[in-house]
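Breakdown of the fold
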Amino acid sequence: MSDDVREALAITRSSTIEDRTVDITTTGRRSGQARRIEIVFYRFEDSVYLSGIPGPRIRDWLANLAADPHFTFHLKHGVVADLPAEAEVITDPVERRRALAEFVDEFNHRHGSDSPWGVAVLDEWVEGSPLARVRFLETD
């Protein structure tokens, strides 16, 4: 992985939403077709994660990754790169709480209490947010 890509992935609490916004391409679990969406990523400890606000049902992208963990992580702001990756969907409540506590804190710091998103509540995120850890694959 090149230094500029490492730097683009080294987001911090003060990183802008643009810095955190990427596309991912998954394989549709039923169709087998490539599915590309825009999403934000987070860092916790030394890992990159995909997550989002809680929802009433599993996100299609997360279901796709559960069926086939191989996907492409597309950097698109500043550094442009298509990174082959694998996802590990995180279901263990203790592990979810540990990572999501940091993400909820960052989310609330970025958005503030007057945001149209409202204040993020950790228990709601643990219960209903998508969460997958990203492992980047080495390329030749």
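Quick caveat, the model's predicted, so the values are computed rather than measured. (Residues numbered from 1 in each chain as written. Predicted model: local features only at pLDDT ≥ 70, side-chain atom pairs only at ≥ 80, totals over all residues. Heavy atoms only, no water.)

1. Let's talk about the packing of aromatic side chains
To keep it simple, the criterion reads: Aromatic pairs are defined between Phe, Tyr and Trp rings, using the six-membered ring for Trp, whenever the two ring centres lie within 6.5 Å; interplanar angles under 30 degrees are classed as stacked, those over 60 as edge-to-face, and all others as tilted. The helix and strand labels rest on DSSP assignments: H or I over at least four residues marks a helix, E over at least two residues marks a strand, and numbering proceeds from the N terminus. The classification of residues rests on relative accessible area computed with a 1.4 Å probe and restricted to protein chains. Under 20% of the type maximum is buried, over 50% is exposed, and intermediate values are partly exposed.
Summed over all chains, the structure comprises seven aromatic pairs. With a centroid separation of 5.1 Å and an interplanar angle of 85°, the aromatic rings of Phe73 and Phe136 are classed as edge-to-face. Residue Phe73 is located in strand S4 (residues 70–75), and its partner Phe136 is located in strand S6 (residues 131–136); the two are separated by 63 residues in the primary sequence. Both residues of the pair, Phe73 and Phe136, belong to the buried class. One aromatic cluster is present, formed by Tyr42, Phe44, Tyr49 and Phe103 through successive ring pairs.

2. So, helix H3 (residues 60–67)
Just so we agree on the cut-off: Here, residues are in contact when the closest pair of their heavy atoms is within 4.5 Å.
Within H3, burial applies to Trp61, Leu62, Ala63, Asn64 and Leu65. If you follow the buried residues of H3, they end up packed against strand S1 (21–27), strand S2 (34–44), strand S3 (47–51), S4, strand S5 (81–89) and S6.

3. Description of the environment of Ser15
With respect to the secondary-structure elements, Ser15 resides in the loop between helix H1 (3–9) and helix H2 (17–20). Taking C-alpha positions, Ser15 is 9.1 Å from Arg110, a pair spaced 95 residues apart along the chain. Those residues in contact with Ser15, other than ones at most four positions away along the chain, are Arg20 and Arg110.

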